[in-house]
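Secondary and tertiary structure notes
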Amino acid sequence: MSECMKNKSYELTDLTDGSCQYPGIAIGADGISHVCWQEYKNRHDAVYTGWLKNGNVQDKRKVSGEGEALHPVICAFDGMIWYAWSECQDREWQILLRYHKNEAYSPIFTVARGEALFYPQFLTANGRLALVFNEQGRGYSHSILAWLGEDGVKQREIISQAEKTYRPTCCLGNDGYIYAAYDSFNGSRYDILIRVRSDAGWSGEVKINNSEQWASRPIISAGTNGATVCWYEYGDGAEFSYCSTDIRVKNGVAVRGDVKILSANKNWYHDISSSSNGKGTTVFAYTWGKYNINVRYRLKGQDWSEPVVMSYDDTNCAVHPVVIVDEENNIHLLWQFAYKNGHFDRNAGIVYNTMSIAEMPEYFDREVETSIDHFVQPIQEEKFFDRRTEQETKRWMEKNGYGHLQLLFGDIHGQSGLSDGVGEIDQYYHYANVRADLDFTALTDHDCYPDWISQSEWEWMRTTNRLMNTDGELACLLAYEWTPNEYRYDYGHKNIYYRGDDGDIFRSCDVQGMTPPQLFESLKQYDAMAFPHHPAALWGLVSAATDWDFHDPQIQRLVEIYSRHADFETYESSSVYTKNIEKLKGHSVSDALARKYRIGFTAGSDSHQMEHGVEGGIFAVFSPEFSREGIYDAMYDRFTYATTGARILVSLKIGTAHMGQEISINKGESVLLDVSTLGTGKGKVQIIKNNLVFAEMETEDGSCDFSHIDTNCCSDDYYYVRVIQEDQHMAWTSPIWINC
């Protein structure tokens, strides 16, 4: 953005006073711009409103209730300004509504009450006002349309036919029909579905996306001959595209035009907004990574324009755009500013930009969408995810005395678009199940990047996790990522895990979570755990390496030995299946073990591109039951082993003691180590004692069973198994420790 354009930006909120996000804007009949946003302050979320004069907010007022407010929207209708939002109190969600008329605010009306209510959007049609939103429950997710009046809800109906639909949006087309769009999970992928309402009622659902990628977050607005829909798609390797198509009605059914790919590349994080006016002008705003808001427009009967960067373009973060175009073809853009990676305040602020379409060609920038952030580049090495058959696995389990247990594989480290990743939070869980074939997972969005996870967002994460958790199918752990180096201190990143639904979020700005000792004490009230990951990572801007001077054996039960970033077993170790980032000496897993820390192993993806369970690693637990509680308890017991992605079977025992346990022996007593592996290819199996190779066997087919005696045991000795295959896949068991 040039300095000329930056001078047309207005910062509506104060970063030092609170963290503000999810902005909204509407223009009243008098031409005044009215705005709303969500503000997080003192561990509480509220909706605030006001109107703009010379780029400043006038008459700022809180309009939400006593609960935790989420994602407000705004609409100008019939001389009134209407507001709606989700709000959570005592783990119950409501869709709430309020309007401003004649300089006074109405009472708060309840549109809906239930277990999970999200994504409200307004619709104005034929002199009436309605609200569409999403109602979720275990096994279903419906799109709801509620017609409104000044005294609340007049009529309500389910407008979706598919079993699981999300993020509904509606508009009145220029042909007089009402169009509805939402994304839908069909059991294997997400599609964009359209319905149209005529005098005869609602038509059937029509799929409008035509690629194999997952399609998400449709925004629908009036088009020249009906409606225009914009959405985003993403696929493997961080590939994404922003798409648009026109919809019209033929014989009572929605008919799609050609799908136009407005932009495509490789990147993380996507958010969009679209709007149209009575002249037939449509505008589309979208994020480019986390760092820019780009805007395109389309005049009536013409094609889409080139992009214009309407955010600061200064390497800081620009997210959550909301755009409208007025009847004079002026674009009004609200977006959320947050600082880039590094030691920065993590409060977010709301920025307002305006520009006439006549000015836009001067700032067309074709090159801005050609670059790719090196950090999001996919790992090039092709990886195969071989596994043994169910019968082979069962025989191996019984042979090694695990017949009463279940061997379950998971990845409990990945991000969504709630922080700095790709996709929606519901999609994260569905991906784990149908694309990665995981038994368990956890969503670990950052507590403070690009901004703080607010209290209502935490409740949203908790609710979604609870609904997605299905014993025997996909166990889901409630979690988040503690990320202090993006705020103030370089203690290293830790993922926080809870056994059930209970658990608060302790951010790296909170007194209860600012340092590792404070965090550990706060987590003990919930019997929660904190696992360090990429323990030796050195980003360059700041260190993300674990400060091993801080350790609590009750809380830090496991460490992530492997992820998309690197093999962190030692400073020297590397893997073709990772980025092999720069490491900091003295911070690897072997360094923690050398400090006599009794810490077991996990592996994960740390995927930001919705490829958890695919890129990076996975790990296995031995659990008596297929439930999140059983899996959590196995993690606490360190009854785990990590792999690079292949489902290698590996066991280490000393007598009846299994990996992760501590045994007591008499001084001078020998120990017999029993090793059993059933890998997926040729390789070698090593016993590691005190960070050195103690014994090694080769295997031609992955099967390897042997015993090895140690006659020189001392207190605090530890042993674990490392498997190295010719295909570069690896596995590591959690150690067994000796007490003398």
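So, a few notes on the structure that sits alongside this text. Please read these numbers as outputs of a predicted model, since none were measured by experiment.

**Structural notes on the overall build of the chain**
Along the backbone of the chain there are 7 helices and 50 strands. Buried positions account for 65% of the 740 residues belonging to the chain. Once local pairs closer than 6 in sequence are excluded, the contacts in the chain between residues at least 24 apart make up 60%. Total accessible area on the chain is roughly 25900 Å²; 44% of this is exposed by carbon and sulfur atoms. Side chains of the chain carry 67 positive and 104 negative charges; the gap between the two charge centres is 2 Å.

**Digging into the pattern of salt bridges**
A side chain with one charge may pair with a side chain of the opposite charge, provided their charged atoms come close. Counted by the stated rule, this structure contains 45 salt bridges. Of the charged contacts in the structure, one is a salt bridge between Lys-266 and Glu-239, with a shortest N-O distance of 3.4 Å. Taken together, the residues span a long stretch of sequence, with Lys-266 in strand β24 (residues 260-266) and Glu-239 in strand β22 (residues 239-250) at a distance of 27 residues. Looking at Lys-266, the relative accessible area reads 22%, which means it is partly exposed. The exposure class assigned to Glu-239 is partly exposed, which follows from its relative accessible area of 38%. Here Arg-638 ties to Glu-662 by a salt bridge, and the two come within 3.1 Å at their closest N and O atoms. Highlighted residues: Arg-638 in the loop between α7 (628-636) and β40 (640-643) and Glu-662 in strand β43 (residues 662-664), separated in sequence by 24 residues. On the basis of relative accessibility, which here comes to 4%, the residue Arg-638 falls in the buried class. Judged by its relative accessible area of 39%, Glu-662 falls in the partly exposed class.

**Points about the sheet that holds strand β28 (residues 308-309)**
Ordered in space as β25-β26-β27-β28, the 4 strands form an open sheet in which the pairing is antiparallel. A strand with exactly one partner marks an edge of an open sheet, and here the two such strands are β25 (272-276) and β28. Bridge count for strand β26 (residues 282-288) against strand β27 (residues 292-298) is 7 bridges, and the pairing is antiparallel. Note that in β27 the partner of Trp-288 across the bridge is Asn-292.

**Some thoughts on unusual backbone geometry**
With an omega dihedral of 5°, the bond running from Tyr-449 to Pro-450 counts as a cis peptide bond. Mapped onto the elements, Pro-450 comes out in the loop between β33 (440-442) and α4 (455-468). In the Ramachandran plot, Arg-167 falls in the positive-phi region, its phi being about 50° despite a non-glycine side chain.

**What about the sheet that holds strand β14 (residues 152-158)?**
Pairing is antiparallel in the open sheet, where 4 strands are placed in the order β11-β12-β13-β14. Single-partner strands in this sheet number two, and they are β11 (116-125) and β14. For this sheet the average axis-to-axis angle between neighbouring strands, irrespective of direction, equals 25°. Here α4 sits on the sheet and contacts β11 and β12 (128-137); the angle it forms with β11, its principal contact strand, is near 110°.

**A look at the nonpolar core**
Counting residues in hydrophobic clusters, the biggest one holds 153 residues, and the most contacted among them are Phe-122, Phe-622 and Met-635. Ranked by size, the runner-up nonpolar core spans 21 residues in total, among them Val-308, Met-310, Tyr-312 and Met-360.

**Topic: the environment of Glu-625**
Looking at the element boundaries, Glu-625 is found in the loop between β39 (618-623) and α7. Considered as a pair, Glu-625 and Arg-256 are 369 residues apart in the sequence and their alpha carbons are 48 Å apart. If near-sequence neighbours (up to four positions away) are discounted, Glu-625 is found in contact with Gln-406, Leu-408 and Gly-630. A polar contact of 2.6 Å, which involves the side chain of Glu-625, links it to the side chain of Ser-627.

**Describing the packing of aromatic side chains**
Taken as a whole and assessed by the stated rule, the structure comprises 48 aromatic pairs. Geometrically, the ring pair formed by Phe-240 and Trp-288 is edge-to-face, given 5.3 Å between the ring centres and 65° between the ring planes. One end of the pair, Phe-240, is in strand β22; the other, Trp-288, is in strand β26, with 48 residues separating them in the sequence. Accessibility assignment for this pair places Phe-240 and Trp-288 in one class, buried. One aromatic cluster in this structure is built from Tyr-166, Phe-185, Tyr-190, Trp-214, Tyr-232, Tyr-234 and Tyr-431. A cation over a ring is seen here: Arg-128 above Trp-147, with NZ or CZ 4.1 Å from the ring centre.

**Digging into the side chain of Arg-388**
The topology assignment puts Arg-388 in the loop between β31 (349-356) and α2 (390-399). Within the structure, Arg-388 has its side chain in polar contact with the backbone oxygen of Gly-679 (distance 2.8 Å). Reaching out from Arg-388, the side chain makes a polar contact with the backbone oxygen of Asp-701 at a distance of 2.8 Å. Beyond its immediate chain neighbours, meaning those up to four positions away, Arg-388 contacts Thr-393, Leu-649, Leu-678, Gly-679, Asp-701, Gly-702 and Ser-703.

**Some remarks on the pairing of strand β23 (residues 253-256)**
Sheet topology places β22 next to β23; 4 bridges connect them, and they run antiparallel. Directly across from Lys-250, in β23, lies its bridge partner Val-253. Connecting the antiparallel pair β22 and β23 is a turn made up of 2 residues, with Asn-251 showing a positive phi of about 55°.

**A short note on the pairing of strand β13 (residues 140-149)**
Counting buried positions along β13 gives 8 out of 10 residues, so the element sits mostly inside the fold. Both β12 and β13 contribute to a ladder of 9 bridges, which runs antiparallel. Bridged to Leu-131 within β13 is Ala-146. With antiparallel pairing between neighbouring strands as the criterion, β12 and β13 make up a hairpin whose turn holds 2 residues, including Gly-139 at a positive phi of roughly 90°. Examined bridge by bridge, β13 and β14 share 6 bridges and lie antiparallel to one another. Paired with Leu-148 across the bridge in β14 is Val-153. Hairpin connection from β13 to β14: 2 residues lie between these consecutive antiparallel strands.

**Description of α7**
Owing to its 3.6 residues per turn, the α-helix brings residues three or four apart onto one side. All of the buried residues along α7 are Arg-628, Gly-630, Ile-631, Tyr-632, Ala-634 and Met-635. After α7 finishes, the residue Arg-638 shows a positive phi value of roughly 60°.

**Details of the environment of Cys-20**
Its location among the elements puts Cys-20 in strand β2 (residues 19-27). With 432 residues separating them along the chain, Cys-20 and Trp-452 place their C-alpha atoms 9.7 Å apart. Ignoring sequence-local partners within four residues, the contact set of Cys-20 consists of Thr-13, Trp-37, Gln-38, Glu-39, Gln-336, Ala-348, Gly-349 and Ile-350.

**Considering helix α5 (residues 516-524)**
Among the residues making up α5, those that are buried are Pro-516, Leu-519, Phe-520, Ser-522 and Leu-523. Buried residues of α5 fall within an arc of 165° about the axis and therefore sit on the same side. In this structure, the buried residues of α5 make contact with β34 (475-482), β35 (494-498) and β36 (529-532).

How each quantity is defined
- Residues numbered from 1 in each chain as written.
- Predicted model: local features only at pLDDT ≥ 70, side-chain atom pairs only at ≥ 80, totals over all residues.
- Heavy atoms only, no water.
- Helix = DSSP H or I, 4+ residues; strand = E, 2+ residues; numbered from the N terminus.
- Buried < 20%, exposed > 50% of the residue type's maximum accessible area, 1.4 Å probe, protein only.
- Contact = heavy atoms within 4.5 Å.
- Areas by Shrake-Rupley, 256 points an atom, 1.4 Å probe, with all protein chains shown as cover.
- Lys, Arg positive; Asp, Glu negative; His and termini not counted.
- Charge placed at Lys NZ, Arg CZ, Asp CG, Glu CD.
- Salt bridge = Lys/Arg side-chain N within 4 Å of Asp/Glu carboxyl O.
- Pairing = 2+ DSSP bridges.
- Axes fitted to C-alpha atoms, helices over the stretch in contact; angles between N-to-C directions.
- Core = buried A, V, L, I, M, F, W, Y, C linked by side-chain atoms within 4.5 Å.
- Polar contact = N/O pair within 3.5 Å; in protein donor to acceptor, adjacent residues only side chain to side chain.
- Phe/Tyr/Trp six-rings, centres within 6.5 Å; stacked < 30°, edge-to-face > 60°.
- Lys NZ or Arg CZ within 6 Å of the ring centre and 35° of its normal.
- Arc of directions from axis to C-beta.

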